[in-house]
Amino acid sequence: MKEYKMRRGEYLEERIPDMESTVEDYFGTITETQEYKGSDLHVVGEPANPVFEKIVVGAVEYSGKKDKLGVEFYERDPTELGPDELEAAGEAVDAKNDFLLEATGRDAKSRRDSMKRTVEDDPDHDL
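Residues numbered from 1 in each chain as written. Predicted model: local features only at pLDDT ≥ 70, side-chain atom pairs only at ≥ 80, totals over all residues. Heavy atoms only, no water.

The protein chain is annotated in an unreviewed UniProt entry as DUF5611 domain-containing protein of Natrarchaeobius halalkaliphilus.

Shown next as structure tokens:
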């Protein structure tokens, strides 16, 4: 599960007031919920895009700190995809990036840089 921070001064509930409908707009019908660190996340068991097997997404709540966006994209093995499904791969990447940009206010480069800083700042990280 990857957790994404919002931009400074912004909050997830302000960026996406209705997480459930936003997730369904981007990825398909929510089929269940899954617990992660004490928060209930939405599970899209049969995503609209055939590249995805399953998607788990939602707000991960922390007491005394800003909520983070928790996301896990389960993708099918590209060797198992047919020609029509391979065409959907570009749309899958766009859907992921568009959703993450809307939710966090950060583009792909900013999200990567933030993840790198998190790993560099982690005292348990072995080099």
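Colleague: Mind showing me how you'd approach the overall build of the protein chain here?
Modeller: When helices and strands are counted, the protein chain shows four helices and five strands. What you see in the protein chain, going N to C, is helices and strands ordered as β-α-α-β-β-β-β-α-α. Per-residue burial for the protein chain yields a buried fraction of 35% across its 127 residues. Sequence-distant contacts, at least 24 apart, represent 51% of the contacts inside the protein chain between residues at least 6 apart. Looking at the protein chain as shown, the accessible area adds up to about 8000 Å², and 45% of this sits on carbon and sulfur atoms. (Helix = DSSP H or I, 4+ residues; strand = E, 2+ residues; numbered from the N terminus. Buried < 20%, exposed > 50% of the residue type's maximum accessible area, 1.4 Å probe, protein only. Contact = heavy atoms within 4.5 Å. Areas by Shrake-Rupley, 256 points an atom, 1.4 Å probe, with all protein chains shown as cover.)

Colleague: I would appreciate a short explanation of the nonpolar core in the present structure.
Modeller: Soluble globular proteins tend to bury their nonpolar side chains together. Counting residues in each nonpolar core, the largest one holds 23 residues, and the members touching the most others are Val 23, Phe 27, Leu 69, Val 71 and Phe 99. Of all the elements in the fold, those that place two or more residues in this core are α2 (19–27), β4 (52–60), β5 (68–75) and α3 (83–104). Counting residues per element, this core draws most heavily on α3, at six residues. Apart from residues lying up to four places away in sequence, Phe 99 is in contact with Ile 16, Met 19, Thr 22, Val 23, Tyr 26, Phe 27, Val 57, Leu 69 and Val 71. Core analysis: the second largest hydrophobic core is formed by five residues, Tyr 36, Leu 41, Val 43 and Val 60 among them. (Core = buried A, V, L, I, M, F, W, Y, C linked by side-chain atoms within 4.5 Å.)

Colleague: What exactly am I supposed to notice about the pairing of β4 here?
Modeller: Each regular strand shows side chains that alternate between the opposite faces of the sheet. As paired strands, strand β3 (residues 39–44) and β4 are joined by three bridges and run antiparallel to one another. By the bridge assignment, His 42 is partnered in β4 with Val 57. Strand direction decides the pairing type here: β4 and β5, joined by eight bridges, are antiparallel. Note on β5: the bridge partner recorded for Val 57 is Val 71. (Pairing = 2+ DSSP bridges.)

Colleague: Please explain α3 as it appears in this structure.
Modeller: Structural remark: α-helix, 3.6 residues per turn; residues separated by three or four positions point the same way. The first and last C-alpha atoms of α3 sit 33 Å apart over 22 residues, in line with the 32 Å expected at 1.5 Å per residue. The sharpest bend along α3 comes to roughly 30 degrees, located at Gly 90. For α3, the set of buried residues is Ala 88, Ala 92, Ala 95, Phe 99, Leu 100, Ala 103 and Thr 104. Just beyond α3, the residue with positive phi is Gly 105, at close to 75 degrees. (Expected span 1.5 Å × (residues − 1). Bend = angle between axes of the 7 residues up to and from the residue.)

Colleague: What am I meant to see in the side chain of Thr 22 here?
Modeller: Structurally, Thr 22 is set in helix α2. Judged by relative accessible area, Thr 22 falls into the buried class, the value being 11%. Only 2.9 Å separates the side chain of Thr 22 from the backbone oxygen of Asp 18, close enough to count as a polar contact. (Polar contact = N/O pair within 3.5 Å; in protein donor to acceptor, adjacent residues only side chain to side chain.)

Colleague: Help me understand the pairing of β3 in this model?
Modeller: Within β3, five of the six residues are buried, which leaves it mostly tucked inside the rest of the structure. Bridge analysis of strand β2 (residues 32–36) against β3 gives five bridges, and the strand direction is antiparallel. In the sheet register, Gln 34 faces β3, and the bridge partner there is Leu 41. A loop of two residues connects β2 with β3, the two strands running antiparallel in sequence, and Lys 37 in this loop sits at a positive phi of about 50 degrees.

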